[in-house]
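Here is how the chains run, residue by residue.
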Number of protein chains: 2
Amino acid sequence: MQTLKVAAIQNQPEFGNIKANLHDLIGLLPPECDLAVLPELCATGYQFRDRDELRSMAEIIAPDQEPGPITSRLTDVASASGTTIIAGVAELAAGSSENGLEDTSEKIFNSSVLIRPDGTREIYRKIHLFLDEKKIFDAGDLGFSVVEACGIKVGMMICFDWIFPEAARTLALMGAQVLAHPSNLVLPYCPEAMITRSLENRVFSLTANRIGREMRSDSPLEFIGLSQVVSPSGQLMARLGNNETGAATATINIVETDKKITAANDIFADRRPQYYR
Amino acid sequence: MQTLKVAAIQNQPEFGNIKANLHDLIGLLPPECDLAVLPELCATGYQFRDRDELRSMAEIIAPDQEPGPITSRLTDVASASGTTIIAGVAELAAGSSENGLEDTSEKIFNSSVLIRPDGTREIYRKIHLFLDEKKIFDAGDLGFSVVEACGIKVGMMICFDWIFPEAARTLALMGAQVLAHPSNLVLPYCPEAMITRSLENRVFSLTANRIGREMRSDSPLEFIGLSQVVSPSGQLMARLGNNETGAATATINIVETDKKITAANDIFADRRPQYYR
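The paragraphs below set out a description of the structure included in this document. Since we're looking at a predicted model, the values are computed, not measured.

**Examining the overall build of chain A**
Consideration 1: Check the secondary structure of chain A and you find 6 helices and 16 strands.
Consideration 2: Computed over the C-alpha atoms, the radius of gyration of chain A is 18 Å, within 12% of the 19 Å expected from 2.2 N^0.38 for a compact globule of 277 residues.
Consideration 3: Overall, chain A is about 55 × 45 × 40 Å in size when its C-alpha atoms are taken along their principal axes.
Consideration 4: Looking at chain A residue by residue over its 277 residues, the buried ones come to 61%.
Consideration 5: Put simply, 68% of the contacts in chain A that link residues at least 6 apart link residues at least 24 apart.
Consideration 6: Carbon and sulfur atoms provide 48% of the accessible area of chain A, an area that totals close to 10,300 Å².
Consideration 7: For chain A, the distance from the average position of its 26 positive side-chain charges to the average position of its 36 negative side-chain charges is 5 Å.

As structure tokens, this is what we get:
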């Protein structure tokens, strides 16, 4: 299947009200959708006061373990609807072991989980943490990966990863055709920058952001919405406003992720890594 | 000196009329300017019919040799005005030797030359060639470099280099505070993408483009103008239209190239290269 219906979902979660937030998210999923991306921390809210509060809402999402309530509920929805769902979830995990030694200490990651209609899952743990996330989350320890889902190759990145060109580039070089980008954006630059990310890598990008405010600290946050779908040629296929909930939807044709931008230029073959840092 | 007056010059060259084109370019330089960037192939025009025609207008610009007429004339202007000038020039050169062996074959590069008021020069040879440039130019063989000029660190890239995030990234990681970007843009995406390049690297960028048309082959070219100066926070400090000549000027403060975008985020220190391709 080369043509897919995709959606970037934009919600307005109420902090801590997981049940209501999930209900809203599920209601925003369009029918007959192949791939839906939900925002970062989409069912919990964003601004946890401390690690203890974060732990109280974090859940297991790792593919080889029994998942927590958010992941379970979304797995039911994926199964019933046939939609592959990607959602930002606070992940409770034992530490992984980059050095081969077992590490059993608790870790909590700002993760995204990809759930296929058949119930199988993939995860991504946010590599680049933003601001106060550094105080409560552990930095992602699994690297970037590209996975098969709904007949295409999907790469996951989360919110602030956008500012590092290496994130989208790494995923594209690994074969990603679609960048799934759950976000909780507060800075204004990302929606335009993701057009550049799509262009420079000739990939589709789905940025799913939230709206609304959180005022749980001295630094209230206002989320900018503007969830969008961008084509490999930098066309804005759909974009929501900054004060509405909904789904930015588009029908995408995967053949457009071909890397030829002119008769003589293949933007991957034209790379000259010997000159790059 | 931390504050500089900079300019991106936008001209409308007549193909092959080097003398008139130079006269126009020099007339567009603003007074008391510290750094001025001129377009790619700014004095010759762009659409050479073949290698022979290109050779007839290419000139020596290498720092250790007697330069050709365009470079000589701009050196006089730099000396008289105190302006550091960066200009796109077709460079005639003996082949360099990446492998340590001498290569005396003729090469012609799509280059930029940086000329200081004291008459010293630096060069950059375009790494990523666009479309028909591949038929007549040799691909740059010197890599990217960052040089000191007018009290700051300048990195040069040319036109189509913009689509490869590694170009601006490499220059910024090497210490560039300003990206000097002579261009002959025909695709519409670059001006917005250069905002992302400035943001993601926290550097100023000066894109100097031309306007007008060239119809010297079956594929007429229309150049889009929009020469601009962008700040490290992605602010468009100056931008020209797509049908005017002139200078996009700004006063820039180099301290803004600091990499801290939040109290907890230094976008260079936050990089995690172990996960990048």
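**A look at the nonpolar core**
Consideration 1: If you look at the biggest cluster of nonpolar residues, it comprises 134 residues, and the most contacted ones within it are Trp162(A), Ile252(A), Trp162(B) and Ile252(B).
Consideration 2: The contacts of Ile252(A), once residues within four sequence positions are left out, are Gln2(A), Thr3(A), Leu4(A), Val6(A), Val178(A), Phe204(A), Val229(A) and Met237(A).
Consideration 3: Core analysis: the next-biggest nonpolar cluster, separate from the first, contains 22 residues, Ala7(A), Leu29(A), Cys33(A) and Ala87(A) among them.

**A word on the relation of the copies chain B and chain A**
Consideration 1: Mapping chain B onto chain A calls for a rotation angle of 180 degrees and an axial translation of 0.0 Å; the resulting RMSD is 0.0 Å. Taken together, the rotation and translation describe the operation of a two-fold axis.
Consideration 2: Of the residues that chain B buries at the interface, 100% are likewise interface residues in chain A, meaning the two copies contact each other through the same surface.

**Section: the interface of chain B and chain A**
Consideration 1: Each partner contributes residues to the interface: chain B has 43 residues there, and chain A has 43 residues.
Consideration 2: Taking both partners together, chain B and chain A bury about 3,800 Å²; carbon and sulfur atoms supply 60% of that area.
Consideration 3: Counting across the chain B and chain A interface gives 8 salt bridges.
Consideration 4: There are 25 residue pairs in polar contact (both at pLDDT 80 or more) connecting chain B and chain A.
Consideration 5: Counting residues per element, the ones that place at least two in the side of chain B that touches chain A are helix 5 (165-173), helix 6 (190-201) and strand 15 (260-262) of chain B.
Consideration 6: Looking at the side of chain B that touches chain A element by element, the count peaks at 6 residues for helix 6 of chain B.
Consideration 7: For the side of chain B that touches chain A, the per-class residue count stands at 23 nonpolar, 8 polar and 12 charged.

**Some points on the sheet that holds strand 4 (residues 106-115) of chain A**
Residue and element names in this part refer to chain A.
Consideration 1: Overall, mixed pairing links the 6 strands, which are arranged 5-4-3-2-1-14 in an open sheet. Each having just a single partner strand, strand 5 (121-125) and strand 14 (246-253) make up the two edges of the open sheet. The mean inter-strand angle of the sheet, taken between neighbouring strand axes irrespective of direction, is 30 degrees.
Consideration 2: Of the strand pairs in this sheet, strand 4 and strand 5 are connected by 5 bridges, and their pairing is antiparallel. Opposite Leu-114, over in strand 5, you have Glu-122 as the bridge partner.

**Some remarks on unusual backbone geometry**
Consideration 1: Even without glycine at this site, Arg202(A) takes up a positive phi of about 50 degrees.
Consideration 2: Summarising the element assignment, Arg202(A) is placed in the loop between helix 6 (190-201) and strand 9 (204-208).
Consideration 3: Using a relative accessible area of 13% as the deciding quantity, one classes Arg202(A) as buried.
Consideration 4: Phi at Cys150(B) takes a positive value of approximately 45 degrees, unusual for a residue other than glycine.
Consideration 5: Take Cys150(B): it is sitting in the loop between strand 6 (146-149) and strand 7 (152-156).

**Points about empty space enclosed by the protein**
Residue and element names in this part refer to chain B.
Consideration 1: All told, the structure shown has 1 cavity of 30 Å³ or more when counted by the stated rule.
Consideration 2: As a volume, the largest cavity reaches approximately 40 Å³.
Consideration 3: As for the largest cavity, its lining consists of Tyr-124, Phe-144, Ser-145, Val-147, Val-154 and Met-156.
Consideration 4: Broken down by class, the residue content of the lining of the largest cavity amounts to 5 nonpolar, 1 polar and no charged.

**A look at the packing of aromatic side chains**
Residue and element names in this part refer to chain A.
Consideration 1: Enumeration according to the criterion identifies 10 aromatic pairs over all chains in this entry.
Consideration 2: Summarising the aromatic geometry, the rings of Phe-15 and Phe-48 are spaced 5.3 Å apart at their centres and angled 70 degrees between planes, so their arrangement reads as edge-to-face. On the criterion of sequence distance, the pair formed by Phe-15 in the loop between strand 1 (3-10) and helix 1 (18-28) and Phe-48 in the loop between strand 2 (35-37) and helix 2 (51-57) is long-range, its members being 33 residues apart. Taken as a pair, Phe-15 and Phe-48 share a single burial class, namely buried.
Consideration 3: Every member of this aromatic cluster is reached through a ring pair, and the members are Phe-130, Phe-160 and Phe-164.
Consideration 4: We note Arg-216 situated over the ring of Phe-15; from NZ or CZ to the ring centre the distance is 3.7 Å.

**Quick word on the pattern of salt bridges**
Consideration 1: Scanning the model with the defined rule gives 38 salt bridges over all chains in all.
Consideration 2: Among the ionic pairs, Glu166(B) bridges to Arg169(A), the shortest N-O distance being 2.7 Å. On the criterion of chain membership, the pair formed by Glu166(B) in helix 5 and Arg169(A) in helix 5 (residues 165-173) is interchain, its members lying in two chains. Just as Glu166(B) is buried, Arg169(A) falls in that class too.
Consideration 3: The partner of Arg197(B) in a salt bridge is Glu200(A), with the nearest N and O atoms 2.6 Å apart. You can see Arg197(B) sitting in helix 6 and its partner Glu200(A) sitting in helix 6, one on each of two chains.
Consideration 4: Residue Arg197(B) is classed as buried on the basis of its relative accessible area, which comes to 0%.
Consideration 5: Here the salt bridges share partners, and the residues they tie into one network are Arg51(A), Asp52(A), Arg55(A), Glu106(A) and Asp138(A).

Definitions and limits used
Residues numbered from 1 in each chain as written. Chains lettered and ligands numbered in written order. Predicted model: local features only at pLDDT ≥ 70, side-chain atom pairs only at ≥ 80, totals over all residues. Heavy atoms only, no water. Helix = DSSP H or I, 4+ residues; strand = E, 2+ residues; numbered from the N terminus. Rg over C-alpha atoms; globule rule 2.2 N^0.38 Å. Buried < 20%, exposed > 50% of the residue type's maximum accessible area, 1.4 Å probe, protein only. Contact = heavy atoms within 4.5 Å. Areas by Shrake-Rupley, 256 points an atom, 1.4 Å probe, with all protein chains shown as cover. Lys, Arg positive; Asp, Glu negative; His and termini not counted. Charge placed at Lys NZ, Arg CZ, Asp CG, Glu CD. Core = buried A, V, L, I, M, F, W, Y, C linked by side-chain atoms within 4.5 Å. Least-squares fit on C-alpha atoms with pLDDT ≥ 70 in both. Buried area = accessible area lost by both parts, 1.4 Å probe. Salt bridge = Lys/Arg side-chain N within 4 Å of Asp/Glu carboxyl O. Polar contact = N/O pair within 3.5 Å; in protein donor to acceptor, adjacent residues only side chain to side chain. Nonpolar A, V, L, I, M, F, W, Y, C, P; charged D, E, K, R; others polar. Pairing = 2+ DSSP bridges. Axes fitted to C-alpha atoms, helices over the stretch in contact; angles between N-to-C directions. 1 Å grid on protein atoms, 1.4 Å probe; cavity = no way out; pocket = protein on both sides within 12 Å on 5 of 7 lines; lining within 4 Å. Points joined across faces, edges and corners; volume = space filled by probe spheres on them. Phe/Tyr/Trp six-rings, centres within 6.5 Å; stacked < 30°, edge-to-face > 60°. Lys NZ or Arg CZ within 6 Å of the ring centre and 35° of its normal.

Keep in mind these values describe shape, not function.
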